[in-house]
Amino acid sequence: MADTKDAVEFYWDPVCPWCWITSRWMEDVGRQKAIEVDWRFFSLRKINEGRDLPERFRVSHLMGLRALRVAAAVREKHGREAVSKLYTVMGTRKHHDQADIGTVAELESILSTCDLPTTLAAAADNETWDKVIDADMANAVAKAGKDVGVPLIVLDGGTGPGFFAVGRDGNGGAYRRVL
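Residues numbered from 1 in each chain as written. Predicted model: local features only at pLDDT ≥ 70, side-chain atom pairs only at ≥ 80, totals over all residues. Heavy atoms only, no water.

**Student:** Would you mind going over helix α3 (residues 55–78) with me for this structure?
**Tutor:** Because an α-helix packs 3.6 residues into every turn, residues spaced three or four apart end up facing the same way. Between its first and last C-alpha, α3 extends 34 Å over 24 residues, near the 34 Å set by a 1.5 Å rise per residue. Just beyond α3, the residue with positive phi is glycine 79, at close to 90°. (Helix = DSSP H or I, 4+ residues; strand = E, 2+ residues; numbered from the N terminus. Expected span 1.5 Å × (residues − 1).)

Structure representation (structure tokens):
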């Protein structure tokens, strides 16, 4: 990993549109400023367990969890760089093409586009990958608290301050909280 001043941890869920938008900005800033991005997992399904959510969110969050399991398998078997490419393709399919990225067929297509083994799509149904997601989430919650959302960006290689969207200011614009 780069010097911690040149690295960030970016916590994301593939179904979150705010993560997607912010990730494109983070990729751009990373290229311009030589900042290494460590793509970390954060499941909206898991953080919202026990909350009364509309059905469309429950369905979407399950889609995200299934996709994150595949991303966890990719990270373990092909490294963190492969996760960056995977998220770019996954996010494009979800947020631009409106694809259901929780199906094995779509995940196989995404993996194929990334030149990764399509057999990794089977991870979507394998709950053992939840341990990897849970570990990343535990780091995020330790840093930001249980009421954290995504995207969450932690500076200095994960040891510095972090920030995430937490609500709206009086003028209708999103504001950020620095941890």
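After presenting the structure, the write-up continues.
**Student:** Quick question: what am I supposed to make of helix α1 (residues 17–33) here?
**Tutor:** Along its 17 residues, α1 runs 24 Å from first to last C-alpha, staying within 8% of the 24 Å computed at 1.5 Å per residue. Immediately beyond the C-terminal end of α1, within one or two residues, lies alanine 34, with a positive phi of roughly 55°.

**Student:** Can you help me understand the side chain of serine 84 in this one?
**Tutor:** Examined against the element boundaries, serine 84 turns out to sit in helix α4 (residues 80–95). Side chain to side chain, serine 84 and glutamate 27 meet in a polar contact 2.9 Å long. When neighbours within four sequence positions are excluded, serine 84 is seen to be in contact with Glu27 and Trp39. (Polar contact = N/O pair within 3.5 Å; in protein donor to acceptor, adjacent residues only side chain to side chain. Contact = heavy atoms within 4.5 Å.)

**Student:** Explain the pairing of strand β2 (residues 36–41) to me, please; I cannot follow it from the model alone.
**Tutor:** The two faces of the sheet receive side chains in turn, since in a regular strand these alternate between them. For β2, a buried count of five out of six residues is recorded, marking the element as mostly surrounded by other parts of the structure. One ladder, built from six bridges, connects strand β1 (residues 7–12) with β2; its direction is parallel. Counted as the bridge partner of phenylalanine 10 is tryptophan 39 from β2. Regarding topology, α1 serves as the crossover connection from β1 to the parallel β2, and that connection is right-handed. (Buried < 20%, exposed > 50% of the residue type's maximum accessible area, 1.4 Å probe, protein only. Pairing = 2+ DSSP bridges. Right-handed = clockwise from strand over helix to strand, strands pointing away.)

**Student:** Looking at this structure, how should I read the pattern of salt bridges?
**Tutor:** One side chain can pair with another of opposite charge once the charged atoms of both are near each other. Taken as a whole and assessed by the stated rule, the structure comprises 13 salt bridges. One salt bridge in this structure joins arginine 80 and aspartate 38, with 2.7 Å as the shortest N-O distance. Of this pair, arginine 80 sits in helix α4 while aspartate 38 sits in strand β2, and the two are 42 residues apart along the sequence. Using a relative accessible area of 39% as the deciding quantity, one classes arginine 80 as partly exposed. Aspartate 38 gets classed as buried once you look at its relative accessible area, which sits at 2%. Note that arginine 66 and aspartate 125 form a salt bridge whose closest N and O atoms lie 2.4 Å from each other. In this pair, arginine 66 sits in helix α3 while aspartate 125 sits in the loop between α5 (104–113) and α6 (130–144), placing the two residues 59 residues apart along the sequence. The structure contains a network of salt bridges with shared partners spanning Glu9, Asp38, Arg40, Arg75, Arg80 and Asp136. (Salt bridge = Lys/Arg side-chain N within 4 Å of Asp/Glu carboxyl O.)

**Student:** Is there a simple way to explain the nonpolar core in this structure?
**Tutor:** The nonpolar side chains of a soluble globular protein tend to be buried with one another. With 52 residues, the main nonpolar core has Trp12, Phe42 and Val74 as its most contacted residues. Among the elements that make up this core, the one with the highest residue count is α3 (nine residues). Those residues in contact with tryptophan 12 that sit more than four places away from it in its chain are Cys19, Trp39, Arg40, Phe41, Phe42, Leu68, Ala71, Val83, Tyr87, Met90 and Val150. (Core = buried A, V, L, I, M, F, W, Y, C linked by side-chain atoms within 4.5 Å.)

**Student:** Just to check I follow, could you spell out the packing of α4 against α5 for this structure?
**Tutor:** Between two packed helices, both the angle of their axes relative to each other and the distance between the axes serve to describe the pair. As a packed pair, α4 and α5 sit with axes 9 Å apart at the nearest point and diverge in direction by 130°. If you check the angle between α4 and α5, you find them oblique. Handedness of the α4/α5 crossing: right-handed. Residue-level inspection shows Lys85, Leu86, Val89, Met90 and Arg93 of α4 in contact with α5, the latter providing Glu106, Leu107, Ser109, Ile110, Leu111 and Thr113. Looking at side-chain class alone, the contact of α4 with α5 contains six nonpolar, two polar and three charged residues. (Axes fitted to C-alpha atoms, helices over the stretch in contact; angles between N-to-C directions. Parallel < 35°, antiparallel > 145°, perpendicular 65-115°, else oblique. Left-handed = near helix turned anticlockwise from the far one by under 90°. Nonpolar A, V, L, I, M, F, W, Y, C, P; charged D, E, K, R; others polar.)

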